[in-house]
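What follows is the residue order along each chain.
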Amino acid sequence: MDTYDLITRNAEEVVTEEEVRKLAGDPDGKRVYVGYEPSGVLHLGHLLTANKLIDLQEAGMEVVVLLADVHAYLNGKGTFEEIRETAEQMKAQFIAYGLEEENTEFVYGSEFQLDEEYTLDLHQLELATTLNRAQRAMADIAGSETATVSHVVYPLMQTLDIEYLDLDLAVGGLDQRKVHMLAREELPELDYDVRPALHTPIVADLTSGEGKMSSSEGVTISMEDATEDLEEKVNSAFCPPTRDPEGDLENPVLELFEYHVFPRFDEIVVERPEQYGGDLTYGEYESLAADLESGELHPADAKGTLATYLDELIAPGREKLREIRD
Ligand code: IYR
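Calculation rules
- Residues numbered from 1 in each chain as written.
- Predicted model: local features only at pLDDT ≥ 70, side-chain atom pairs only at ≥ 80, totals over all residues.
- Heavy atoms only, no water.
- Buried < 20%, exposed > 50% of the residue type's maximum accessible area, 1.4 Å probe, protein only.
- Helix = DSSP H or I, 4+ residues; strand = E, 2+ residues; numbered from the N terminus.
- Pairing = 2+ DSSP bridges.
- Right-handed = clockwise from strand over helix to strand, strands pointing away.
- Axes fitted to C-alpha atoms, helices over the stretch in contact; angles between N-to-C directions.
- Left-handed = near helix turned anticlockwise from the far one by under 90°.
- Contact = heavy atoms within 4.5 Å.
- Nonpolar A, V, L, I, M, F, W, Y, C, P; charged D, E, K, R; others polar.
- Domains from an automatic or database assignment.
- Buried area = accessible area lost by both parts, 1.4 Å probe.
- Salt bridge = Lys/Arg side-chain N within 4 Å of Asp/Glu carboxyl O.
- Polar contact = N/O pair within 3.5 Å; in protein donor to acceptor, adjacent residues only side chain to side chain.
- Near = heavy atom within 4 Å.
- Areas by Shrake-Rupley, 256 points an atom, 1.4 Å probe, with all protein chains shown as cover.

### Let's talk about the pairing of strand S6 (residues 197-200)
Then, number 1: Burial along S6 is two-sided: the face carrying Ala 197 and His 199 and the face carrying Leu 198 and Thr 200 are both buried.
Then, number 2: In this structure, strand S1 (residues 13-15) lies alongside S6, joined through 3 bridges in antiparallel fashion. Of the residues in S6, the one forming a bridge with Val 15 is Ala 197.
Then, number 3: Pairing of strand S5 (residues 169-173) with S6 involves 4 bridges; the strand directions are parallel. Within S6, the position partnered with Gly 173 by the bridge is Thr 200.
Then, number 4: Read as a crossover between parallel neighbours, the route from S5 over helix H9 (residues 177-186) to S6 is right-handed.

In structure tokens:
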């Protein structure tokens, strides 16, 4: 796969394509980051962007994981001490999942976001940004109830992180796009460079195929799930025999194959008894999706296989969590 295709595979949006093409021309040592509000246990939402970071490491880029402790605090996620403790656990799970330890820099936001220079830059951004603009940037992250001042400071700080971590590319789920667009607009106000951004898709809710899968509502799969929990969740997932269900619905089972399984395995084997046609082997997502649509692959077999591969992906992190907690 060529470097641009590797960098952008499974991306929902690339801003801008031209800027990312330039980066792909000389990726060695270029710095890319994802920021995460620390929460104790990684779930599929975290792993989707982590998959992208693994692609980018493979492309030769340096990965920075921002453990956004100050941001989590501003978003009401607990006391500072609680947040820091969960951040340490998160780090261990990312490494267990497959980020290369020697090529991943973990940075706490509080290491630089409380410095004088950063704070003064933040105040300058506060002066340059309307409340309305900052609230809009934050709406997809904290919901529409962005009534506290902390929620408008948050996206401005995220904007500054891109400069202070000396990054060449910002990565995030599609829910981060408005913050990244704000950053592209506002960084030049402070004479800082504009950086490209890459956004990963948001996977639909597992049971309904609607909206987004999230840990706060509905069902998600996490590093904490036992094999049987995971199987149960996947078996009760919405999986019509099409990749494009009617209306606003998605097929979450296919999405998980596409964004979580195929990027991490060269080949997927669906085990079936001889009387049902024997094993099926897939080297790429498209052929699996086509077989589900044609009826060659039954949704129940797709689900069983999905559960097996997801379980393999989360097993090392689950083990790590057990060790930490014992
Ligand atoms: N807004 C992210 C957390 C976050 C991301 C980045 I990139 C930052 O520079 C700071 C915070 C979230 O929704 O989890």
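Right, picking up where we left off after that structure.
### A look at unusual backbone geometry
Then, number 1: In this model, Val 15 is joined to Thr 16 through a cis peptide bond whose omega is -15°.
Then, number 2: Relative to the helices and strands, Thr 16 is located in the loop between S1 and helix H2 (17-25).
Then, number 3: A positive phi angle is found at Asn 10, which is not glycine, with a value near 65°.
Then, number 4: The backbone phi angle of Asp 191 is positive, close to 65°, even though this residue is not glycine.
Then, number 5: Residue position: Asp 191 is located in the loop between H9 and S6.
Then, number 6: Classification of Asp 191 by relative accessible area gives exposed; the value is 71%.

### Focus: the packing of helix H5 (residues 80-97) against helix H13 (residues 299-325)
Then, number 1: Where H5 meets H13, the closest approach of the two axes is 8 Å, and the angle between their N-to-C directions is 145°. Where H5 crosses over H13, the two elements pack in a sense that is right-handed. Of H13, the residues touching H5 (which contributes Gln 89, Ala 92, Gln 93, Ala 96 and Tyr 97) are Leu 313, Pro 316, Gly 317, Lys 320, Leu 321, Ile 324 and Arg 325.
Then, number 2: The class makeup of the residues in the contact of H5 with H13 is 7 nonpolar, 3 polar and 2 charged.

### Looking at the domain arrangement of the protein
Then, number 1: The domains assigned to the protein are domain 1 (3-200) and domain 2 (227-325).
Then, number 2: Between the C-alpha centres of domain 1 and domain 2 there is a distance of 29 Å.
Then, number 3: In this complex, domain 1 contributes 15 residues to the contact, which on the side of domain 2 involves 15 residues.
Then, number 4: Here domain 1 meets domain 2 over a buried area of about 1,400 Å², counting both sides, of which 63% is carbon and sulfur.
Then, number 5: When the area that domain 1 buries against domain 2 is broken down by residue, the three leading residues are Asn 10, Leu 44 and Tyr 97, summing to 35%.
Then, number 6: Run the count over domain 1 and domain 2 and you get 0 salt bridges.
Then, number 7: Inspection of the region where domain 1 meets domain 2 yields 4 residue pairs in polar contact (both at pLDDT 80 or more).

### Thoughts on the site of the ligand
Then, number 1: Inspection of the region around the ligand gives Tyr 33, Gly 35, Glu 37, Leu 66, Ala 68, His 71, Ile 141, Tyr 154, Gln 158, Asp 161 and Gln 176 as its neighbouring residues.
Then, number 2: The side chain of Tyr 33 places a nitrogen or oxygen atom 2.7 Å from an oxygen atom of the ligand.
Then, number 3: When the ligand sits alone it has 380 Å² of accessible area, and the protein chains cover 92% of it.
Then, number 4: Here the shell around the ligand gets 3 residues from one element, more than from any other, and that element is helix H8 (residues 149-164).

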